[in-house]
Amino acid sequence: MPKPKIAIVYYSMYGHVRTLALAEKEGLEAAGCEVTLLKVPETLSDEVLGKMGAPGVGQADEEASAAKLADYDGFLFGLSARFGMASAQVKALLDSTGGLWQSGALVGKPAGVFFSTGTQNGGQETTALTFVTQLAHHGMVFVPLGYSTPKLFDLSAPHGGSPYGAGTLAGPDGSRQPSALEKDIAEAHGKHFGTIAAKLAK
Ligand SMILES: Cc1cc2nc3c(=O)[nH]c(=O)nc-3n(C[C@H](O)[C@H](O)[C@H](O)COP(=O)(O)O)c2cc1C
């Protein structure tokens, strides 16, 4: 049986989401998936990005496009929170998928989310939940993390992630990097998602 082809479609301004994406990739591969990182195209000007101190994350990664999405069996969307939801860059990509919606190209394909917020209560859950509308309208099958990994119960230190998916806390100034626990949860998320994607691909 061919390996399920999974795209990790991510937007990451300072690298936190991309670090989680790499851990998700490990988990997906452990579950027997073929994985590609697709970077969501930037929509902000270089001037604005410069003022925001954006370093230009994942420059070697392939850029995502609506046409490319049709080639994959499932998706993990990596979201950098903006005002409690996905960034406009990700929304712009999704807004370009009208043709896929019309043809039903993504119907029945599994999709999950992982995310980064600046603060602990800044949208770990709302960023995931508000993204489910995008998946539902495309007829994709939302695969949550649930409590499939006991690491979600670890309260020894603050951490991102929830039953909706893996997550990290970047800190108000972005100086906090994904912790070992958050990366473990992201790897477990990838493995869980990949196992379900493989079942759906049968
Ligand atoms: C315009 C803007 C809005 C943001 N809104 C939120 C927010 O609602 N909640 C939050 O916790 N962090 C918010 N942040 C912080 C980002 O979520 C944080 O920079 C991001 O998670 C870091 O991940 P990345 O390096 O992968 O982009 C915001 C950042 C920007 C620039």
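Residues numbered from 1 in each chain as written. Predicted model: local features only at pLDDT ≥ 70, side-chain atom pairs only at ≥ 80, totals over all residues. Heavy atoms only, no water.

You'll find the protein entered in an unreviewed UniProt entry as Flavodoxin-like domain-containing protein, with Pelagomonas calceolata given as the organism. Listed under Sequence similarities (unreviewed entry) in UniProt, the entry text for the protein is "Belongs to the WrbA family." (UniProt positions renumbered as here; feature names shortened; annotations may be inferred.)

Another point: the overall build of the protein. Counting its regular elements, the protein contains 7 helices and 7 strands. Taken from N to C terminus, the helices and strands of the protein fall in the order β-α-β-α-β-α-β-α-α-β-α-β-β-α. Computed over C-alpha atoms, the radius of gyration of the protein comes to 16 Å, within 12% of the 17 Å expected from 2.2 N^0.38 for 202 residues, which places it in the range of a compact globule. Across its three principal directions, the C-alpha atoms of the protein cover 45 × 40 × 30 Å. Taking as baseline every contact in the protein between residues at least 6 positions apart, the subset at least 24 positions apart corresponds to 78%. Summing over all exposed atoms, the protein offers an accessible surface of approximately 9,300 Å²; the carbon and sulfur share of this is 56%. Placing the 16 positive and 19 negative side-chain charges of the protein at their respective mean positions leaves the two points 4 Å apart. (Helix = DSSP H or I, 4+ residues; strand = E, 2+ residues; numbered from the N terminus. Rg over C-alpha atoms; globule rule 2.2 N^0.38 Å. Contact = heavy atoms within 4.5 Å. Areas by Shrake-Rupley, 256 points an atom, 1.4 Å probe, with all protein chains shown as cover. Lys, Arg positive; Asp, Glu negative; His and termini not counted. Charge placed at Lys NZ, Arg CZ, Asp CG, Glu CD.)

Turning our eyes to something else, we now look at the site of the ligand. Taken together, 18 residues surround the ligand, and among them Ser12, His16, Ser80, Ser116 and Gly122 come closest. Interatomic distance of 2.7 Å between a side-chain N/O atom of histidine 16 and an oxygen atom of the ligand. Here phenylalanine 83 contributes a backbone N or O atom positioned 2.8 Å from a nitrogen atom of the ligand. Across the complex, the protein chains shield 81% of the 630 Å² of accessible surface that the ligand would expose by itself. One can see that the ligand is located within the largest pocket. Contributions of two or more residues to the shell around the ligand are made by helix H1 (16–30) and strand S5 (110–117). Residue composition of the shell around the ligand, grouped by class: 7 nonpolar, 10 polar and 1 charged. (Near = heavy atom within 4 Å. Polar contact = N/O pair within 3.5 Å; in protein donor to acceptor, adjacent residues only side chain to side chain. 1 Å grid on protein atoms, 1.4 Å probe; cavity = no way out; pocket = protein on both sides within 12 Å on 5 of 7 lines; lining within 4 Å. Sits in = over half its atoms within 2 Å of the grid points. Nonpolar A, V, L, I, M, F, W, Y, C, P; charged D, E, K, R; others polar.)

The feature "domain: Flavodoxin-like" (unreviewed entry), as annotated in UniProt, sits at residues 6–193 in this numbering. The span residues 6–193 is 35% helical and 18% strand by assignment, and the distance between its end C-alpha atoms comes to 10 Å.

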